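Survey of secondary and tertiary structure
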Amino acid sequence: MSTLRDRLRAQLAECKMPGALEAVDDILRRIDAGELSAGPAMEALLGSHIALRNQRRLQTAMRCARLPSVKTLDDFDFTFQPSVKRDQLESLHTLQFLERKENVVFLGPPGVGKTHLAISLAVHAAERGRRVYYATLADLITWLEDAQQAGHLTRRLRTLVSPSLMVVDEIGYLPISRTGAQLFFQLMSRRYEHASTVLTSNKSFEEWGDVFGDEVMAAALIDRLVHHCHIVNIRGNSYRMREHRALASRLAPATPPAPPESTSRPRPPRRQEA
Ligand SMILES: Nc1ncnc2c1ncn2[C@@H]1O[C@H](COP(=O)(O)OP(=O)(O)OP(=O)(O)O)[C@@H](O)[C@H]1O
Ligand SMILES: [Mg+2]
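Here the structure is a predicted model, which is why all the values come from computation and not from measurement.

1. Comments concerning the environment of His116
Within the secondary structure, His116 sits in helix H6 (residues 114-127). Overall, the relative accessible area of 16% leaves His116 in the buried class. Between the C-alpha atoms of His116 and Val104, which are twelve residues apart in sequence, the distance is 13 Å. Non-local contacts of His116, meaning those with residues more than four positions away in its chain, are made with Lys71, Thr72, Asp75 and Phe76. Within the structure, the side chain of His116 is placed 3.0 Å from the backbone oxygen of Thr72, a separation counted as a polar contact.

2. Thoughts on the packing of aromatic side chains
Any two aromatic rings considered together are summarised by their centre-to-centre distance and by the angle between their planes. Summed over all chains, the structure comprises six aromatic pairs. Here Phe184 and Phe212 contribute two aromatic rings whose centre-to-centre distance is 5.7 Å and whose plane-to-plane angle is 0°, an arrangement assigned as stacked. Of this pair, Phe184 sits in helix H9 (residues 178-191) while Phe212 sits in helix H10 (residues 208-212); the two residues are 28 residues apart in sequence, bridging distant segments of the chain. The same class applies to Phe184 as to Phe212, namely buried. Here the aromatic rings of Phe205 and Trp208 are separated by 5.0 Å at their centres, their planes lie at 65°, and the arrangement is edge-to-face. Here Phe205 and Trp208 have matching classes, each one buried. Residue placement shows Arg156 over the ring face of Trp143; its charged tip is 4.1 Å from the ring centre. One cation-aromatic arrangement involves Arg242 over Tyr239; the distance from NZ or CZ to the ring centre is 3.9 Å.

3. Structural notes on the domain arrangement of the protein
Each assigned domain of the protein is listed here: domain 1 (4-64) and domain 2 (66-251). At the junction of the two partners, domain 1 supplies five residues and domain 2 supplies eight residues. Each partner contributes to the roughly 480 Å² buried at the junction of domain 1 and domain 2, and carbon and sulfur atoms together form 65% of this total. Area buried by domain 1 at its contact with domain 2 is led by Leu58, Met62 and Cys64, which between them contribute 82% of it.

4. Description of the packing of helix H2 (residues 18-32) against helix H3 (residues 38-65)
Following both chains from N to C, one finds H2 and H3 inclined at 155°, their axes separated by 8 Å at the closest point. Classified by the angle their axes make, H2 and H3 are roughly antiparallel. Seen along the crossing, H2 lies across H3 with a hand that is right-handed. Between H2 and H3, the contacting residues are Pro18, Gly19, Ala20, Ala23, Val24, Ile27 and Ile31 on the first element and Ala41, Ala44, Leu45, Ser48, His49, Leu52 and Arg56 on the second.

5. What about the site of ligand 1?
Close contacts around ligand 1 come from 15 residues, with Asp77, Lys114, Thr115, His116 and Tyr173 the closest. A distance of 3.2 Å is found between an oxygen atom of ligand 1 and a backbone nitrogen or oxygen belonging to Val112. Alone, ligand 1 offers 630 Å² of accessible surface; in the complex the protein occludes 87% of this. Looking at the shell around ligand 1, its residues break down into six nonpolar, four polar and five charged.

6. A few points about the sheet that holds strand E3 (residues 165-171)
Ordered by their spatial adjacency, five strands build an open sheet running E2-E3-E4-E1-E5, and the pairing between neighbours is parallel. The open sheet has two free edges, formed respectively by strand E2 (132-136) and strand E5 (229-233), since each of these has just one partner strand. The sheet shows a mean angle of 10° between the axes of neighbouring strands, direction not considered. Of the pairings in the sheet, the one linking strand E1 (residues 103-107) to E5 comprises five bridges and is parallel in character. Residue Asn103 lies in a different strand from E5, and its bridge partner there is Cys229.

7. Remarks on the pairing of strand E4 (residues 196-201)
Of all the six residues making up E4, six are buried; the element is thus mostly covered by neighbouring parts of the structure. Residues Ser196, Val198 and Thr200 of E4 are buried on one face, and the alternating residues Thr197, Leu199 and Ser201, pointing to the opposite face, are buried as well. Judged from the four bridges that link them, E1 and E4 form a sheet pairing that is parallel. Counterpart to Phe106 in the pairing with E4 is Thr200.

Rules used throughout
- Residues numbered from 1 in each chain as written.
- Chains lettered and ligands numbered in written order.
- Predicted model: local features only at pLDDT ≥ 70, side-chain atom pairs only at ≥ 80, totals over all residues.
- Heavy atoms only, no water.
- Helix = DSSP H or I, 4+ residues; strand = E, 2+ residues; numbered from the N terminus.
- Buried < 20%, exposed > 50% of the residue type's maximum accessible area, 1.4 Å probe, protein only.
- Contact = heavy atoms within 4.5 Å.
- Polar contact = N/O pair within 3.5 Å; in protein donor to acceptor, adjacent residues only side chain to side chain.
- Phe/Tyr/Trp six-rings, centres within 6.5 Å; stacked < 30°, edge-to-face > 60°.
- Lys NZ or Arg CZ within 6 Å of the ring centre and 35° of its normal.
- Domains from an automatic or database assignment.
- Buried area = accessible area lost by both parts, 1.4 Å probe.
- Axes fitted to C-alpha atoms, helices over the stretch in contact; angles between N-to-C directions.
- Parallel < 35°, antiparallel > 145°, perpendicular 65-115°, else oblique.
- Left-handed = near helix turned anticlockwise from the far one by under 90°.
- Near = heavy atom within 4 Å.
- Areas by Shrake-Rupley, 256 points an atom, 1.4 Å probe, with all protein chains shown as cover.
- Nonpolar A, V, L, I, M, F, W, Y, C, P; charged D, E, K, R; others polar.
- Pairing = 2+ DSSP bridges.

Here is the structure:
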């Protein structure tokens, strides 16, 4: 004859509750030992189920998001990078900007933590069940160009508009074709006031005309981006080079570009009328 333990295990398996199934033996043992009463035992069983379910959801979300690594705000050393205001970052991590469909732009030289902070926001959003997608600008453009050539650009644009948070990393490092720039502009126009985008760039907005090879389009892009936007200017040393201070200062630009003030609406490059 089957025992209560066996029947419980069979029921949990049938209900597809692997977290609870894993925990049930220990919970029964604690009941037998007088450590747990009925109420807390039920709570512990359901809690084990929910914890495993949430962990698996997060793993799937992270896989779909294509995040290159997991970074969190807790790992970020604010003392190393005093130009990053803890209050502003903590406030962004409340994710209210997602509700308001606002954007976040991290600007600054190499190694100062732009990608780290962008990923940290994405991880936080994924943990809260939001759909997230990460790509470098170069990868995103390749993906859009491939879709255009294969004749399903509209479908791909729709796919890329749907995540509540998209990270577009490394704007400014690799050259972009004119078609690529136009495709990116189309994507950002569709996401404008529809969903939040977090962007990182080593170039100030004034230089985006060169990055995108078109001053007029860059101005229109920046205009949409900064309309509802939090701007985080990071000015400081590369964390990667923290053990090589002398080399870092030799490599740093003599006069770093002066990007616009944080969270204020910067003036986009002057538009050229067509
Ligand atoms: N203040 C910091 N505290 C802890 N780790 C940091 C900090 N800043 C950067 N890092 C780490 O240093 C490495 C480089 O940072 P990150 O990739 O975010 O730089 P970046 O600004 O995106 O540079 P790039 O422009 O070259 O892409 C990462 O491993 C990141 O986690
Ligand atoms: Mg980076």
